[in-house]
Structures are given as C-alpha cells and as structure tokens.
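Here is what each chain is made of, one letter per residue.
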Amino acid sequence: MAAADGNWLGRVNAAAGSYSTTFATQKALFLKLFAGEVLTAFEEQNVMLPVTTVRTINSGKTAQFPALGRTTASYHTPGAEITGGNVKTNEITINIDDLLISSVFIDSLEEAMNHYDVRGPYAQEIGAALAKRMDENLLRLVDIGAQNQTPTVTGLEAGIEIDTGSDALTDGDNVAKYIFQAAQKFDENHVPQENRYAVMPPSMFYALIQSAKAVNRDYSPNPSGSYQGGNVLEVAGISILKSNHLTLANYTAVAGENNSYVDANNTANDPGNFAATQFLAFHSSAVGTVKLKDISIEAEYDMRRQGTLMVAKCAVGHGVLRPESCIKFYT
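**Concerning the layout of surface pockets**
So, step 1. Of the volumes computed, that of the largest pocket is approximately 240 Å³.
So, step 2. Around the largest pocket, the lining comprises 17 residues; the ones closest to its centre are Ile92, Leu141, Ser260, Gly319 and Val320.
So, step 3. Taken together, the elements giving at least two residues each to the lining of the largest pocket come down to strand S3 (89-95), helix H4 (119-147) and strand S13 (307-320).
So, step 4. In terms of residue count, the dominant contributor to the lining of the largest pocket is S3 (4 residues).
So, step 5. A class-by-class count of the residues in the lining of the largest pocket yields 7 nonpolar, 10 polar and no charged.

Okay, structure coming up:
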C-alpha cells in the first residue's frame, strides 16, 4: 500500500522527503512561527526601548555616544580676527552585557498528552521576560540619571529630583501638576520639545485620565486623550506611558551586567532611592541602548532528553547619556 502524500505543515514549500526525514526539515515553519510569536510578545510588553536612543553594532563589546555642549555668542570688534569658539564635548561608553536569555524545555510526551497548545503561551512568556528585564534596566537608568549631579558635558545641567511631599498621586490633578512641572524643568534645561515622555504605573495613569486638567471630557475625540477610551496621549507636550515595570525595589547588581544599573543612593534612609520613585519623565536622548544581537530564537529537539529546548536571546547594553533629560518624582 502506497504511503499518503501528506500535506506537511512544517515544511518550507512542501520540501521533499519522507516523514522520517530530518527534524529540521519537518519542523522548519513551526520554528519560524514560534520566533514570530516571541517577537510579537516582546514588542507588546516593552515600553522603554522604542522611546530611547538605540544603536546597533555588528561587532565589538562597547559603543561610544558623543555628547556635545553649548557654545556662546560675542560681539565682533572691527578688524579683529575670528578664531572660533569652543564647544565642550564628551562621550559615553556603553558596554554589551552578557547574553540575556529566557528558555523553556518541553517534554515531547507531555506535550503530546496535553490538551492545549503550550508553545504559543510559552513563547509569550519568554518574550515578556526579555522585555521586562530591558524595561527595568532602562527605567533604573532614567532614575539613576535623575540623581546624577555630574553633567555629561561640563556646563550643562544635572539630573533632576522632585519631592512630591504629601501630595497623593492617586489624584489625577496632582499627577498633571507634576507633569507640567516636568515640562518646565525640561524647558529650563534646554531639552528639545519633541520626544518627551513620562512613564508611570497604571494607578497614576488611570487617575490622570479622570483629571479634567489632562483630558477634556466635554467633547470627543480629544487630541490629548479620551475619557471614554481610557487613554491620555499628552500632557504639557509630554507623551504619557504606563508600565508595570516602574515599581522598582532597591537593586543589587547580578553577574553578567557589564553596565551599572545600581542606584548610587541605594540605602533605606535615602528618599531618592528606587523604592521611593513615584514616576519618571525623560527625553529620548536620556538613556541609550547598544544592540550587538537583537532578539532571536533557537529551538532544538534533544533526543537524549526526549523534548525540545527553546531559547530566546539577545545581547544588549544600556547606559545614561543625558542626565539633564532625566526627572524622577519621589516621595
């Protein structure tokens, strides 16, 4: 009896070969589907990476970001030689951290017996894990930059910390008030008007939507946000983001980090430490990311263990670029 001419779903362009052909040939499209699911989960979960400065390198372990200061103007004396002014410069070096991975092992027998698909949900969890770590590191760096009183370039401004005192930030009017204060500080620090952001936990975000100072509920659609839709786009020209990753406990460095994500004021009695942070405001130039290897997927069947190991990975590093573009609100 002839074998059925199967419609092998996992093969690229119905690649030729018997069912006993190599695992890679049988499952090629399944692996690509899995990779796509991880990328989708990553993009949905990560808040900070798209709104900060990102540089991709092809090789090496570090990347340099140049920082330029400001120059001055003066009146010309007739006949005097113009010799040129002096613009102070500096550079920030960001290292590549060790390979960041998230993985899962799926036993082949258990997968066969299971009554629901596990690869899709596991893919989302792996992608979310990478996104969470990146978001937390970038948020910590905005916090660290705000505490940095040493400007990148001499003569520029330092980071900004603002004590919210006894103001309850569960009150949207109070949140709006401090966002306007952030806009003022950005202006005073000569931070560009475009690409300003504030990131806050969901409790503050939804309180802000209920504030008439942030969203005008008298008509819709409103260019600043929608009370009915539960979103607020801008307050004082600052784009509003929400993240569950902002609630940061005091942090101790772990092996594999080649950049510092540790609060220099990481003490219990310091009002400016991570645990005291309420929300953050920043410009896209505030922190930077260097990518050596973007997120990618490896999946391999292990005959010795009778299962499939799936690994999501990336090689990136993060650092503070412009402290004057970082603002933290703390209590």
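**Notes on the packing of aromatic side chains**
So, step 1. Scanning the entire structure with this criterion turns up 4 aromatic pairs.
So, step 2. When the ring of Tyr197 is compared with that of Phe282, the centres are 5.7 Å apart and the planes differ by 25°; the resulting orientation is stacked. Of the two residues, Tyr197 is situated in strand S6 (residues 196-200) and Phe282 in strand S11 (residues 277-283); the sequence distance between them amounts to 85 residues.
So, step 3. Phe282 sits in the buried class, given a relative accessible area of 0%.
So, step 4. An aromatic cluster of at least three residues, connected via ring pairs, comprises Tyr178, Phe279 and Phe329.
So, step 5. The side chain of Arg55 reaches across the aromatic face of Phe65, ending 6.0 Å from its centre.
So, step 6. Over the aromatic face of Phe205 sits the side chain of Lys242, whose NZ or CZ is 4.7 Å from the ring centroid.

**A look at the sheet that holds strand S9 (residues 234-235)**
So, step 1. Overall, mixed pairing links the 6 strands, which are arranged S5-S14-S11-S6-S10-S9 in an open sheet. The open sheet terminates on both sides in strands that have one partner only, identified here as strand S5 (160-163) and S9.
So, step 2. Sheet topology note: the S6/strand S10 (residues 238-242) ladder contains 4 bridges and is parallel. The residue of S10 that forms the bridge with Val199 is Leu241.
So, step 3. Sheet contacts for helix H6 (residues 202-209): S6, S9, S10 and S11; angle to S10, the most-contacted strand, approximately 130°.

**As for helix H5 (residues 172-188)**
So, step 1. For H5, with 17 residues, the first-to-last C-alpha span of 25 Å sits near the 24 Å given by 1.5 Å per residue.
So, step 2. Of the residues trailing H5, His190 is marked for its positive phi of about 60°.

**Description of the side chain of Asp97**
So, step 1. For Asp97, the location among the structural elements is in the loop between S3 and strand S4 (100-107).
So, step 2. Side-chain polar atoms of Asp97 contact the side chain of Tyr261, separated by 2.5 Å.
So, step 3. Filtering out sequence-adjacent residues up to four positions away, Asp97 remains in contact with Gly256, Glu257, Asn258, Asn259, Tyr261, Val316 and Gly317.

**So, the packing of H5 against H6**
So, step 1. H6 packs onto H5 with a crossing angle of 95° between their chain directions and a minimal axis gap of 7 Å. By the angle between their directions, the pair H5 and H6 is classed as roughly perpendicular. Between H5 and H6, the residues in contact are Gly172, Val175, Ala176 and Ile179 and Met204, Ala207 and Leu208, respectively.
So, step 2. Class assignment of the residues belonging to the contact of H5 with H6 gives a composition of 6 nonpolar, 1 polar and no charged.

**Considerations on the pattern of salt bridges**
So, step 1. Throughout the structure, instances matching the rule amount to 11 salt bridges.
So, step 2. Asp302 serves as the salt-bridge partner of Arg304, at 3.5 Å between the closest nitrogen and oxygen.
So, step 3. Assessed through its relative accessible area of 16%, Asp302 is described here as buried.
So, step 4. Sharing partners across several salt bridges, the network here consists of Lys132, Glu136 and Arg140.

**A word on the sheet that holds S4**
Adjacent strands of a sheet form backbone hydrogen bonds with each other and so pair up, either parallel or antiparallel.
So, step 1. The strand order across the open sheet built from 4 strands is S1-S12-S13-S4, with neighbouring strands paired in mixed fashion. Of all the strands in the sheet, the pair left with one neighbour each is strand S1 (53-56) and S4. The average angle at which neighbouring strand axes cross in this sheet is 25°, direction not considered.
So, step 2. Note that S4 and S13 share 8 bridges and pair antiparallel. Bridged to Val104 within S13 is Met310.
So, step 3. Against the sheet, H4 contacts S4, strand S12 (287-302) and S13, and its axis sits at roughly 15° relative to S13.

**As for the environment of Leu241**
So, step 1. Position of Leu241 relative to the elements: it lies in strand S10.
So, step 2. With sequence-adjacent residues up to four places away left out, Leu241 is seen in contact with Val47, Val51, Tyr197, Ala198, Val199, Met200 and Phe205.

**Thoughts on the pairing of S11**
So, step 1. Most of S11 is tucked away: 7 of the 7 residues are buried.
So, step 2. Across 4 bridges, the pairing between S6 and S11 is antiparallel. Bridged to Tyr197 within S11 is Phe282.

Cut-offs applied
Residues numbered from 1 in each chain as written. Predicted model: local features only at pLDDT ≥ 70, side-chain atom pairs only at ≥ 80, totals over all residues. Heavy atoms only, no water. 1 Å grid on protein atoms, 1.4 Å probe; cavity = no way out; pocket = protein on both sides within 12 Å on 5 of 7 lines; lining within 4 Å. Points joined across faces, edges and corners; volume = space filled by probe spheres on them. Helix = DSSP H or I, 4+ residues; strand = E, 2+ residues; numbered from the N terminus. Nonpolar A, V, L, I, M, F, W, Y, C, P; charged D, E, K, R; others polar. Phe/Tyr/Trp six-rings, centres within 6.5 Å; stacked < 30°, edge-to-face > 60°. Buried < 20%, exposed > 50% of the residue type's maximum accessible area, 1.4 Å probe, protein only. Lys NZ or Arg CZ within 6 Å of the ring centre and 35° of its normal. Pairing = 2+ DSSP bridges. Contact = heavy atoms within 4.5 Å. Axes fitted to C-alpha atoms, helices over the stretch in contact; angles between N-to-C directions. Expected span 1.5 Å × (residues − 1). Polar contact = N/O pair within 3.5 Å; in protein donor to acceptor, adjacent residues only side chain to side chain. Parallel < 35°, antiparallel > 145°, perpendicular 65-115°, else oblique. Salt bridge = Lys/Arg side-chain N within 4 Å of Asp/Glu carboxyl O.

So, to be careful, I would describe these as geometric facts and stop short of saying anything about function.
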